[in-house]
Amino acid sequence: DAGVIQSPRHEVTEMGQEVTLRCKPISGHDYLFWYRQTMMRGLELLIYFNNNVPIDDSGMPEDRFSAKMPNASFSTLKIQPSEPRDSAVYFCASSRTVPTARPQHFGDGTRLSIL
Amino acid sequence: GNSVTQMEGPVTLSEEAFLTINCTYTATGYPSLFWYVQYPGEGLQLLLKATKADDKGSNKGFEATYRKETTSFHLEKGSVQVSDSAVYFCALINEGGSEKLVFGKGTKLTVNP
């Protein structure tokens, strides 16, 4: 099976621009998670979906961030307008409903730099 | 609430040394426990897991035992290699609760030849 696929791998853009990060989860997985990783704050869960429906977005930092999952094989995380403090590595992960120990499978991340 | 505490490191060892990374947890329910590893420039990969008390997870020479009495899940390896250099994360998920994985802050391991 192909793993979780994220694009782009690297993004450098100027403050104020719109940024869109993309994720393709593993086929058959019904949960999708978006994380942000920084040196200062570590790994933070931003939002997660179940069967394409957002379940918990309490980690989304502010209204500039939005996430969608239009179908089971695609999700986007959008930042508009972007700010330098949004610079981080953004990970997407997916998992499948099983009775216990549902490991999340991570993509290789998008390294975002806002100048 | 649920939380994971792990030694923050960094940890520096020589090749073939014994490794222990401590992890303790607090959970309101019956958690499953995980160790993830992150190699430079990559995402997190599941290293091993355990679902109930006294379970031992093992993979690639690494082991961790789910100790309910001490609420611990320490990671061990008898002889580390340079290729084990990475950041290691302890995590839990509360069975029957939210799907959120609760992560520790990570421990950076460097193994020198």
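Look up: the structure comes first, before these words.
Below you will find a few notes about this structure. (Residues numbered from 1 in each chain as written. Chains lettered and ligands numbered in written order. Predicted model: local features only at pLDDT ≥ 70, side-chain atom pairs only at ≥ 80, totals over all residues. Heavy atoms only, no water.)

1. Structural notes on the environment of Ile21(B)
Residues and elements named next belong to chain B. Selection criterion: A helix here means a DSSP run of H or I that spans at least four residues, while a strand means a run of E at least two residues long, and both kinds are numbered starting from the N terminus. Exposure classes here rest on a 1.4 Å probe applied to the protein chains alone. A residue is buried below 20% of its type maximum, exposed above 50%, and partly exposed in between. Throughout, a contact is declared for two residues whenever any of their heavy atoms are within 4.5 Å.
Note that Ile21 resides in strand E3 (residues 19-21). Under the relative-accessibility criterion, Ile21 is labelled buried at 0%. Each C-alpha atom, one on Ile21 and one on Cys90, is 9.3 Å from the other, the two residues being 69 residues apart in sequence. With sequence-adjacent residues up to four places away left out, Ile21 is seen in contact with Gln6, Met7, Trp35, His74, Leu75, Tyr88 and Thr107.

2. Examining the sheet that holds strand E7 (residues 56-59) of chain B
Two modes of strand pairing occur in sheets, parallel and antiparallel, and in both the strands are linked by backbone hydrogen bonds. Residues and elements named next belong to chain B. Here is the rule we go by: Pairs of strands are assigned from DSSP output, requiring at least two bridges between the strands. To get an axis, fit a line to the C-alpha atoms, keeping to the stretch in contact for a helix; angles then go from 0 to 180 degrees between the N-to-C directions.
Pairing is antiparallel across the open sheet formed by 4 strands, whose spatial order is E3-E9-E8-E7. What marks the edges here is a single partner per strand, and that holds for E3 and E7. On average, adjacent strands in this sheet sit at an angle of 15° to one another, irrespective of strand direction. Bridging between E7 and strand E8 (residues 62-65) involves 4 bridges; their strand directions are antiparallel. When the bridges of E8 are listed, Gly57 appears paired with Ala64.

3. Description of the sheet that holds strand E8 (residues 74-79) of chain A
Residue and element names in this part refer to chain A. What the 4 strands build is an open sheet, ordered E1-E3-E8-E7; its pairing is antiparallel. At either margin of the open sheet sits one strand with a lone partner, and together these are strand E1 (5-7) and strand E7 (65-71). The sheet shows a mean angle of 15° between the axes of neighbouring strands, taken without regard to direction. When E7 meets E8, the two strands line up antiparallel, connected through 5 bridges. The partner of Phe65 across the bridge, within E8, is Ile79.

4. Overview of unusual backbone geometry
For the bond running from Ser7(A) to Pro8(A), omega is -10°, close enough to zero to count as cis. By secondary structure assignment, the location of Pro8(A) is in the loop between E1 and strand E2 (10-13). Here Gly9(B) and Pro10(B) are connected by a cis peptide whose omega angle stands at 5°. Looking at the secondary structure, you find Pro10(B) in the loop between strand E1 (3-6) and strand E2 (11-14). Positioned with a positive phi, Glu16(B) is a non-glycine residue whose angle comes to about 80°. Tracing the backbone shows Glu16(B) in the loop between E2 and E3.

5. A few points about the pairing of strand E4 (residues 31-38) of chain A
Residues and elements named next belong to chain A. Across the 8 residues of E4, 7 count as buried, placing the element largely inside the fold. Pairing of E4 with strand E5 (residues 42-50) involves 8 bridges; the strand directions are antiparallel. Bridge assignment links Phe33 to a residue of E5, and that residue is Tyr48. Linking two consecutive strands that pair antiparallel, namely E4 and E5, is a turn of 3 residues. Inspection of the sheet shows E4 paired to strand E9 (residues 88-95) by 7 bridges, in the antiparallel sense. Each bridged residue has a counterpart across the sheet, and for Trp34 the counterpart in E9 is Cys92.

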